[in-house]
Amino acid sequence: THTPTHTPTPTMARLGLLLVLGALTLAATHVQVAAHSEYVPYFQHLVRKTRHLKRDFDTTYRHPQGESAYLSNAYSVTNGGTNAEGYWSFDNKKLTFQAILSPYNVTHPCDLIYNINIDGTDQKLVSPASGRDTCSYFFPDGKSVIYSSTMSGGPQCPPAPDQNFGYIWPLNKDMDVYHQDLATGVRTHLTPDKDGYNAESTISPDGKHIIFTSDFQGDLELYQMDLNGSNLERLTYSPGYDGGAYYSNGWPKNKMVAWRAGRPAGMDVVRYKTLLDMGIIEPLGLQIYVMSLEGRDAKVPVRVTNNNATNFAPFFLPDDSGVIFSSNLHDPEGGNFQLYAIDVDGKNMRQITTEGDFNSFPMFSFDGKKLAWCSDRGVPPEDYGTINIWVADWNGKSIDASSVRRV
């Protein structure tokens, strides 16, 4: 039996401190929430609390033409339900994603993995209705996928954490990364055979590496491994949450990764460690980072964003000059999230989307011509549950911040 590297149960003193800090968090108005989309219900909870509030959005980084300056011919691939993290196949013909859909949502109200053609046809359930599934990604040949699941912990959906501690999500100790053959359904467990959270996995464009987040060594860090789970390598070492990583498009010629990270300080460190001991996490002040994996500056994190908002779900622009990501930069005290882009040197910030309350999990097709992302645009105001996967043509290659002004 594996002995966890962190204490699974906090002391009463630390628990008491956590309750105090939790109360302070609930009393605060500044919103800090983001996650991989298995926790979209917590975002929906946030929308319920802030959608009705009257507030003016900051338009500093918005193009005069709005999102039409960057996107055209947008359409919804899915039609209803809670759909998230739609990621391209290497041939740009399919998307793999997670969703809570009928009829399974009646008996199994948590995310399962699906594949679908980009025109919305031939939607197929991939994962068994067992546990919570998230973070699916195609193998290069399109014949298999990876995803994370709690299926080893039993067929039931894991319980939601107590939101009295604030906006938090669980780090399920039985969440592991699996490879599944799409033809046979045969699954292989890939991540370290130790208790802990293993998820948020993606594959390098050359089809040789998997990057993922794990806490099996006591903190939430990034790791890299080969497609079969061998040659495990730790990539980050700073205290705090490191997750949601993606490789650069020019890999292996341009070996970079982008991810979101939280760097707690002061009393936030105590809170972070206490929550981690309890198997939950609160995303405080997430910022976007990039890092090279070779050369003189290998494994030296570079912070790209520096603001008071919550920033997450980064993906490299087609030419690797910057990243596209989700943020409430225009609404830091509310729950409206839009897509932004910024150069890797932290300059040239621009707002990409303007519609809906939630836009996130962007990924460019492998030819760089289209963008897939998740959005609640077009959904009635009283509907907090519907999020669809959208696809649009990408027109933003030649757009820079010189054309952005306050409108």
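Residues numbered from 1 in each chain as written. Predicted model: local features only at pLDDT ≥ 70, side-chain atom pairs only at ≥ 80, totals over all residues. Heavy atoms only, no water.

What to know about the environment of V300
Right, so step 1: Inspection of the secondary structure assignment puts V300 in the loop between strand 18 (287-292) and strand 19 (302-303).
Right, so step 2: Among the residues examined, V300 registers a relative accessible area of 41% and is labelled partly exposed.
Right, so step 3: Taking C-alpha positions, V300 is 10.0 Å from Y289, a pair spaced eleven residues apart along the chain.
Right, so step 4: If we skip the residues at most four places from it in the chain, V300 touches V290 and M291. (Helix = DSSP H or I, 4+ residues; strand = E, 2+ residues; numbered from the N terminus. Buried < 20%, exposed > 50% of the residue type's maximum accessible area, 1.4 Å probe, protein only. Contact = heavy atoms within 4.5 Å.)

Brief notes about the packing of aromatic side chains
Right, so step 1: This model, assessed by the stated rule, comprises 17 aromatic pairs.
Right, so step 2: The interplanar angle of 45° and the centroid separation of 5.6 Å between the aromatic rings of Y87 and Y137 together place this pair among those described as tilted. Taken together, the residues span a long stretch of sequence, with Y87 in strand 2 (residues 82-88) and Y137 in strand 6 (residues 133-138) at a distance of 50 residues.
Right, so step 3: Arranged with centres 5.7 Å apart and planes meeting at 20°, the rings of F97 and Y114 form a pair that is stacked. Of this pair, F97 sits in strand 3 (residues 94-100) while Y114 sits in strand 4 (residues 112-117); the two residues are 17 residues apart in sequence, bridging distant segments of the chain.
Right, so step 4: Sitting over the face of the ring of Y289, R263 holds its NZ or CZ atom 5.4 Å from the ring centroid.
Right, so step 5: Here the basic side chain of R377 rests over the ring of W390, its NZ or CZ set 5.7 Å away from the ring centre. (Phe/Tyr/Trp six-rings, centres within 6.5 Å; stacked < 30°, edge-to-face > 60°. Lys NZ or Arg CZ within 6 Å of the ring centre and 35° of its normal.)

A few points about the state of the cysteines
Disulfides are covalent bonds that connect the sulfur atoms of two cysteines.
Right, so step 1: The tally for this structure, following the rule as stated, stands at one disulfide.
Right, so step 2: A disulfide bridge connects C110 with C157, and the sulfur atoms are separated by 2.2 Å. Here C110 and C157 share a disulfide; its torsion about the S-S bond, -85°, makes the bridge left-handed. One end of the pair, C110, is in the loop between helix 3 (104-107) and strand 4; the other, C157, is in the loop between strand 7 (144-149) and strand 8 (169-170), and 47 residues separate them in sequence. (Disulfide = S-S within 2.5 Å.)

A word on the sheet that holds strand 25 (residues 370-375)
Sheet strands line up and pair through hydrogen bonds in the backbone, either parallel or antiparallel.
Right, so step 1: Read across the open sheet, the four strands follow the order 1-26-25-24; overall the sheet is antiparallel. Edge positions in the open sheet fall to strand 1 (71-76) and strand 24 (359-364), since each of these has one partner strand only. Across the sheet, the mean angle from the axis of one strand to that of its neighbour is 25°, orientation sign disregarded.
Right, so step 2: For strand 24 and strand 25, the ladder comprises four bridges, and the chain directions are antiparallel. Bridge assignment links N359 to a residue of strand 25, and that residue is S375. (Pairing = 2+ DSSP bridges. Axes fitted to C-alpha atoms, helices over the stretch in contact; angles between N-to-C directions.)

So, the pattern of salt bridges
Right, so step 1: Scanning the entire structure with this criterion turns up twelve salt bridges.
Right, so step 2: One salt bridge connects D122 with K124, and the closest N-O pair in it is separated by 3.9 Å.
Right, so step 3: Taking the shortest distance from any N to any O, the salt bridge between D343 and R350 comes out at 3.1 Å.
Right, so step 4: With relative accessibility at 17%, the residue D343 sits in the buried group. (Salt bridge = Lys/Arg side-chain N within 4 Å of Asp/Glu carboxyl O.)

Notes on the confidence of the model for the protein
Right, so step 1: Across the protein, the average pLDDT comes to 85, with 83% of residues at or above 70.
Right, so step 2: Scored below 50 in pLDDT, residues 1-38 makes 91 contacts in the model with residues more than four places away or belonging to other chains.
Right, so step 3: Note on residues 401-407: pLDDT is under 50 here. Beyond four places in sequence and across chains, it has 21 contacts. (pLDDT = per-residue confidence, 0-100.)

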